[in-house]
Amino acid sequence: MKIKCILAFLIISLHVQKVSAQVFNILPYPNKLETTTKGQFDLNTTIEIATTITDPMVTPTIQLLKENLKQYHKISPIGKTKFEIYLDNSITNKEGYTLSIASNKIILKGNNAIGVFYGVQTFLQLAEQFKKTKLIPAVFIEDAPALSYRGLMLDVSRHFFPIDFVKKLVDIMAMQKMNNLHMHLTDDQGWRIEIKKYPKLTKVGGYRNGTIIGKFPGDGNTNQRYGGFYTQAELKDLVKYAATKFINIVPEIEMPGHASAAIAAYPALSTFESEKKVQETWGVFEDVFSPTEYTFNFLQDVLDEVLAIFPSPVIHIGGDECPKEAWKRSVFCQDLMKQKGIKDEHALQSYFIQRIEKYINSKGRQIIGWDEILEGGLAPNAKVMSWRGEAGGIEAAKQHHDVIMTPIDYCYFNFYQSTNPKDSIAWGGFLPLSKVYNYNPMPKGLNELDATYIKGIQANLWTEYVTNVKLAEYMLFPRSIAFAEVAWTKQKPGFDHFVKRLVPYLSQLKANDIHYSTQLFDIKIKSKLNAQKTGFTLQATGVASPAELIYEMSGKPLTIKSPKLIAPLTVSTSATISIGALFENTVVNEVHAEFTINKATTATILNTSTPDPAYNQSGAQGWSNGIIGSSNRFNDGEWLGFNGKPFETVMQFNKTETLQNVQCMLSKKVDDLVVEGFVV
Ligand code: ACM
């Protein structure tokens, strides 16, 4: 009896293991997915969509489902199989749903219209995955988000993006079950929202007379007028469109800092004596809103129009990076502080934000601001976006204020994502896909109650260097897909699992004309001296399957016809070797290794100073591994860096050699490079 039990258990576990080997390409991954039922749902039959739901919010979702199913087979009023959709209030999470796919029936239940929408999104991803066979394996999914605020921010001030692009972003966000698009509408470099009462905001503030060229501080100025703005009609239409996909648009009207564009249009908003202009370079500017009655009336008027366009329960009021110099020098500000008993300029900022909060609260909305709004005292009902790390978010949660985590190290999509030299110009930092995926939004050090105030996360695309739509897509994708899983999935199945699901999704992005980063296919190369010390073995790794490696040995350009790299290459003469990644018939990435076979090739490195950890990828062997370090990319893994410290290296040759030339490439001029012990 005992043996039988063990056997039965063994058989069951074997069965479960076999079925669960099927990866369902759902992004973000559902919180519960069971494959215990056998069978497959045949998409290639007449399918009847049956629902008892009368809520008009569900109508577009059903329409979307019908439209999509058409590509597989005709929808019929009386089908052979049924797709039943219900509301079910036993599903406790407002965004939750269950989706049961069996051999002859699909049942989708949502807590409300949102859950139904998300269930349909999941189903559509499965239909896409199995579209070749038109057979979806039976599966039961019970799903709800980990976090209620799942956001993305687009800075439309530094560069302006057409409304159609914003709508395209909304489409992809909805597929990823993201639910808040934050639009950074105003800043020093441009005011982007039509305000009818103050037409100069867009007429003057919407345009700058040039933009710095290249990376800050820049290499000249374009001297070209640049700008644009959204009309109220466009924004209202966007809000309506996003609502059909259950995405809220959070508008940001930045104050009291980052206000140059508004001040250029209406100089009375500042008391600072300086040239007024829409800024043409990046950074933080001292000229900020003055806390006068004129400014408060202006902002209230602006907010009246903003509130009429955006039904968002939260209105972002900025609050970050507001220098206090102008207020320190202003007689008006200093008098105001004395009169109101305001102890310093931080408290004056708090006074500013609290007045605005009171106004917004009186209209039935809440304010949200960057974490600087904690300084000088948090406004009573304010929500906080923690960007300078996690500390602001932790502090606000402890004070029982709602928090959206957006720490710079994990959530700033203006950071580089690849070590590939072709990676476009970025703000700085390094935020590869895996780091985004492995972000844990719940900071340590909060007790159970305080942790409930962490309401969500947001990724931000600041656009100083994001000059066009294609570049914006490149910075956003696929990082935002990883981010969506961080926000949605309570226990993420891991980066490798994510990559397996992501790779087929990249084809969908391509089909939707979305330009994405191919960082996933970045190639890492490593060369090793062979045992006979006559040449090198070159190994290439790091490329996610199903991309394939290809190569060319003699400096020839890589093409889709280049030979496949299946085994490590042997290099025994000096040559430039190109290695590429081939994905969907396109060479998506390439590296070029310039090999030099010389007398050092046979030398043994006996001793060498330890390089700085940031520049030690190749180790001591890097001195003579045959690959010349790139002259413009010191992070290519081929350079050893000592950051000003003295270094020494000892190479032993196998036999007496006559050296004509000793070359050591240096990134900086060194005064006392001594080569000892060589016959030069
Ligand atoms: C910010 O990055 N200044 C919020």
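Within each chain, residue numbers correspond to sequence positions counted from 1 in written order. At least 70 in pLDDT is required for a residue's local features to be given in this predicted model, at least 80 for side-chain atom pairs to be given and counted, and no such filter applies to totals for whole chains, interfaces and linings, which use all residues. To get the side-chain values, take all heavy atoms of the structure and skip hydrogens and water.

**Considering the sheet that holds strand β28 (residues 586–595)**
Thinking step 1. The strand order across the open sheet formed by 3 strands is β25-β27-β28, and the pairing between neighbours is antiparallel. Each edge of the open sheet is held by one strand with a lone partner, namely β25 (548–552) and β28. Adjacent strand axes in the sheet meet at a mean angle of 25 degrees, parallel and antiparallel pairs treated alike. Each pair of strands is called paired provided DSSP finds at least two bridges between the two strands. A helix here means a DSSP run of H or I that spans at least four residues, while a strand means a run of E at least two residues long, and both kinds are numbered starting from the N terminus. In this analysis, axes come from line fits to C-alpha atoms, helices being fitted only over the stretch in contact, and the angle between any two N-to-C directions falls in the range 0 to 180 degrees.

**What about the packing of aromatic side chains?**
Thinking step 1. Within 6.5 Å between ring centres, the rings of Phe, Tyr and Trp (the latter by its six-membered ring) count as paired, and their orientation is classed by plane angle as stacked under 30 degrees, edge-to-face over 60, tilted in between. Evaluated as defined, the whole model comprises 27 aromatic pairs.
Thinking step 2. Judged by centre distance (4.9 Å) and plane angle (20 degrees), the ring pair of Y410 and Y439 falls under stacked. With Y410 in helix α13 (residues 408–411) and Y439 in the loop between α14 (433–437) and α15 (448–451), this pair connects stretches of sequence that are 29 residues apart.
Thinking step 3. Each residue is assigned to one of three classes by its accessible area relative to the maximum for its type, calculated with a 1.4 Å probe on protein chains only: buried under 20%, partly exposed between the two thresholds, exposed over 50%. Look at Y410 and you get partly exposed, because its relative accessible area is 30%.
Thinking step 4. Within the aromatic cluster, the residues linked to one another by ring pairs are W370, W387, Y412, F415 and W462.

**Here's the deal with unusual backbone geometry**
Thinking step 1. Cis geometry is found at the peptide bond from F477 to P478, where omega equals 5 degrees.
Thinking step 2. Even without glycine at this site, N223 takes up a positive phi of about 50 degrees.
Thinking step 3. Look at N223 and you get exposed, because its relative accessible area is 61%.
Thinking step 4. Positive phi is not limited to glycine here, since H258 has a value of about 45 degrees.
Thinking step 5. Topologically, H258 is positioned in the loop between β15 (248–255) and α7 (260–265).

**Regarding the environment of N460**
Thinking step 1. Mapping N460 onto the fold places it in strand β22 (residues 454–461).
Thinking step 2. Taking the relative accessible area as the measure of exposure, N460 reaches 0% and is therefore buried.
Thinking step 3. On a C-alpha basis, the gap between N460 and T406 in space is 7.7 Å, while along the polypeptide they are 54 residues apart.

**Quick look at the confidence of the model for the protein**
Thinking step 1. Across the protein, the average pLDDT comes to 90, with 93% of residues at or above 70.
Thinking step 2. Scored from 0 to 100, pLDDT records how confident the predictor is in each individual residue. Confidence scores differ between elements of the protein, with helix α1 (residues 2–20) showing the lowest mean pLDDT of 37 and strand β10 (residues 180–184) the highest of 99.
Thinking step 3. Of the regions scoring below 50 in pLDDT, residues 1–20 engages in 3 contacts with residues more than four places distant in sequence or in other chains. The contact rule is simple, with two residues in contact once any of their heavy atoms fall within 4.5 Å.

**So, the nonpolar core**
Thinking step 1. Residues grouped as a nonpolar core are buried Ala, Val, Leu, Ile, Met, Phe, Trp, Tyr and Cys residues, joined through side-chain atoms within 4.5 Å. Grouped together as the largest cluster of nonpolar side chains are 186 residues, with contacts concentrated most on F123 and I579.
Thinking step 2. At 9 residues, helix α3 (residues 113–129) tops the list of elements feeding residues into this core.

**What to know about the environment of V278**
Thinking step 1. Following the sequence through the fold, V278 ends up in the loop between α7 and α8 (293–309).
Thinking step 2. The buried category is assigned to V278, whose relative accessible area is 7%.
Thinking step 3. Considered as a pair, V278 and A261 are 17 residues apart in the sequence and their alpha carbons are 4.7 Å apart.
Thinking step 4. Ignoring anything within four residues of it in the chain, the contact list for V278 reads D188, Q189, G190, V204, G205, Y207, R208, A261 and A264.

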